[in-house]
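Residue-level structural notes
Chain by chain, the residues:
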Amino acid sequence: MITLRETLYCFCVLTVLLALSSCVNTVTRGHLKEDEAISHIKIGITSKSEVAKELGSPSSESSFGDKTWYYISTIKQNRSIFAPRIVDQHTTEILFDANDIVASIKEYSLADSKKIAIAERITPTEGQHLGFFEQIFANLGRFNKDDGGTSNNHGHSSTSPTGYPGR
């Protein structure tokens, strides 16, 4: 015979599992892989402007070296409390020659991707880095003592012709 306690326990477990599984969000970013549009692009024949008409503007372009366009799409799945993960990724690389005609087409999938370790060091900025006591002692002697040490006009006369301290 199943007790009330066991029934409540099973109900709680099922509720938690249902809640976790229902919080799945799938996000698609970038260019969708369109096999039909890519099949219209012919190596040695199709121009850069024709590629732009078929596929639209690229996700990324090469900054140096050969003229290369990259069309990138990513499908990421977010699950409630778990870290998001990439479910599918597709990249089409189109290389153009000097006359802006397609020289090669390469396609990459998620299996071709590589894990890159991100450096967690901090690049120091130029300038003076003051410690706690240096900041406190740096202010000693900065205030004008002409009118009893209560002035905060940074050493300038309070009888300025403009009415503003120091002007």
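Report on the accompanying structure. (Residues numbered from 1 in each chain as written. Predicted model: local features only at pLDDT ≥ 70, side-chain atom pairs only at ≥ 80, totals over all residues. Heavy atoms only, no water.)

**Details of the nonpolar core**
Among the nonpolar cores identified, the biggest contains 10 residues, and these are A37, I38, I41, V51, L55, W69, Y71, I94, F96 and V102. For this core, the secondary structure elements donating two or more residues are α2 (35-39), α3 (48-55), β3 (68-79) and β4 (85-96). With residues up to four places along the chain from it excluded, the contact list for V102 reads I41, K42, I43, G44, T46, V51, I94, L95 and F96. (Core = buried A, V, L, I, M, F, W, Y, C linked by side-chain atoms within 4.5 Å. Buried < 20%, exposed > 50% of the residue type's maximum accessible area, 1.4 Å probe, protein only. Helix = DSSP H or I, 4+ residues; strand = E, 2+ residues; numbered from the N terminus. Contact = heavy atoms within 4.5 Å.)

**Thoughts on the packing of aromatic side chains**
Taken as a whole, this structure holds two aromatic pairs when the rule is applied. Between the aromatic rings of W69 and Y71, the centroid separation amounts to 6.5 Å while the plane-to-plane angle is 70°, which identifies the pairing as edge-to-face. On the numbers, 5.1 Å between centres and 75° between planes, the contact of W69 with F96 is edge-to-face. Of this pair, W69 sits in strand β3 while F96 sits in strand β4, placing them 27 residues apart in sequence. With respect to burial, W69 and F96 carry one shared label: buried. Through successive ring pairs, a cluster of aromatic residues spans W69, Y71 and F96. For K48, the ring lying beneath its charged end belongs to F96, and the centroid distance is 5.3 Å. (Phe/Tyr/Trp six-rings, centres within 6.5 Å; stacked < 30°, edge-to-face > 60°. Lys NZ or Arg CZ within 6 Å of the ring centre and 35° of its normal.)

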